[in-house]
Amino acid sequence: MSQRAPLAHARGLGSAKEGAHHWWHQRLSAVALVFLSIWFVVSLISLTGAGYDQVYLWMAHPVVAGLLLLLVVFTFYHLKLGLQVVIEDYIHTEWLKVTSLVVMSGACLVLGLACALSVVSIAFGG
Amino acid sequence: MVSQERPLSPHLQVYRWQITMTMSILHRVTGVGLGLGALLMTYWFVAIASGPDDFADAQDLIGSWLGRLVLFGFTISLVFHFCNGIRHLFWDTGRGFDLPTMRASGWTVAVMTVLGSIAIWVAGYALRGGL
Ligand code: HEM
């Protein structure tokens, strides 16, 4: 027995016809995170027991800073898209759903900005 | 009125347990859990940018036994979500949808999650040279 749903039904038929766009972005961010999260975990392992100077120099390195910015962007975008689906699945009262979506998206944006600004301020010797 | 035998909606208590349903709900649980992990990541980045004192506070908090327990939870969540995410992406190519394959890939993810999470912490402690 196949558990496969016809892809035609999954793609492009979401509410407000935003389904295809959302679906692709969720996948693209997931693929990016496969590589970035491996790199990040390996980096964190290599930083266990490190003092402030070592962590600072690590983050200040241009390649590291660049990869961290990519990690931040893809993580919070993927999180926003994922939590959006969860909210749409469980909250059916229209005003509450819209409010939750706005608060959740705003939180992802603010947290992502805080991460990005931290990395940038270190990378530019703040 | 003719009373018909209507199909009943899924009734969780009488469903036979299957690895596939556990994997499915855990993907959502770990995804939301990792959202909290992203919160911790933000705290850590901001602490680094704030200077040595705030960084030391953050390291003490994260390095405490409770902090390490939480971090271990995030490790398991990430490794699971990572492995099962790859399972999802593989499905998206249109493959692996027959039930035996779905069960086998589900068990593979479960084993990889346990081994991967332990490997990460063993590597961390080994590099640190002890607990
Ligand atoms: C490490 C690499 C990652 C991969 C390969 C990955 C993969 C995926 C995939 C394929 C989905 C869609 C599942 C579906 O269609 O039901 C998904 C959902 C989700 N992901 Fe990830 N993900 C990764 C990392 C993360 C991270 C770091 C977070 C959190 C910061 C996260 C949070 C979520 C959330 C909240 C969902 C929605 C869950 C749901 O709808 O049930 N993911 N992920």
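Before reading further, recall that the structure is shown in the block above.
Note that this is a predicted model, so its numbers are computed, not measured.

A.B. asks: Just give me the short version of the overall build of chain A, but keep the residues and values in it.
C.D. replies: Across its full length, chain A carries 5 helices and 0 strands. Each helix and strand of chain A, ordered N terminal to C terminal, gives the series α-α-α-α-α. Considering only contacts in chain A between residues 6 or more positions apart, those separated by 24 or more positions represent 66%.

A.B. asks: An account of the site of the ligand is requested, with residue identities and associated values reported.
C.D. replies: Around the ligand sit 22 residues, and of these Gln26(A), Arg27(A), His78(A), Arg28(B) and His81(B) come closest. Near the ligand, the surrounding residues belong to chains A and B. Taking His27(B), its side chain carries an N or O atom lying 3.3 Å from a nitrogen atom of the ligand. A distance of 2.5 Å separates an oxygen atom of the ligand from a polar side-chain atom of Arg28(B). Listed by contribution, the elements that provide at least two residues to the shell around the ligand are helix H2 (19-46) and helix H4 (62-90) of chain A together with helix H1 (19-50) and helix H3 (65-92) of chain B.

A.B. asks: Would you mind going over H2(A) in detail, with residue names and values included?
C.D. replies: Its 28 residues place the ends of H2(A) 40 Å apart at the C-alpha level, agreeing with the 40 Å of an ideal helix rising 1.5 Å per residue. Taking the largest bend as the criterion, H2(A) deviates by roughly 30°, centred on Leu33(A).

A.B. asks: Describe in detail the coordination of the iron atom of the ligand, supporting the description with residues and values.
C.D. replies: Coordination sphere of the iron atom of the ligand, protein contribution only: His78(A) (NE2) and His81(B) (NE2), at 2.0 Å. For the iron atom of the ligand, the 6 donor atoms in the first shell make angles of 88 to 179° at the metal, so the coordination geometry reads as octahedral. A residue pair is termed interchain when its members come from two chains, as with His78(A) in helix H4 and His81(B) in helix H3. A relative accessible area of 15% means that His81(B) is categorised as buried.

A.B. asks: Explain a negative patch on the surface to me, using residue names and the numbers behind them.
C.D. replies: A cluster of like negative charges, contributed by Asp53(B), Asp54(B), Asp57(B) and Asp60(B), occupies part of the molecular surface. Secondary-structure assignment places Asp53(B) in helix H2 (residues 52-63).

Cut-off values and rules
Residues numbered from 1 in each chain as written. Chains lettered and ligands numbered in written order. Predicted model: local features only at pLDDT ≥ 70, side-chain atom pairs only at ≥ 80, totals over all residues. Heavy atoms only, no water. Helix = DSSP H or I, 4+ residues; strand = E, 2+ residues; numbered from the N terminus. Contact = heavy atoms within 4.5 Å. Near = heavy atom within 4 Å. Polar contact = N/O pair within 3.5 Å; in protein donor to acceptor, adjacent residues only side chain to side chain. Expected span 1.5 Å × (residues − 1). Bend = angle between axes of the 7 residues up to and from the residue. Donors = N, O, S within 2.8 Å, 3.2 Å for Na, K, Ca; no water. Tetrahedral: all angles 85-135°; square planar, octahedral: opposite > 155°, others 65-115°. Buried < 20%, exposed > 50% of the residue type's maximum accessible area, 1.4 Å probe, protein only. Patch = residues over 30% accessible without salt bridge, like charges linked within 9 Å, V, L, I, M, F, W, Y side chains within 5 Å. Areas by Shrake-Rupley, 256 points an atom, 1.4 Å probe, with all protein chains shown as cover. Salt bridge = Lys/Arg side-chain N within 4 Å of Asp/Glu carboxyl O. Lys, Arg positive; Asp, Glu negative; His and termini not counted. Charge placed at Lys NZ, Arg CZ, Asp CG, Glu CD.

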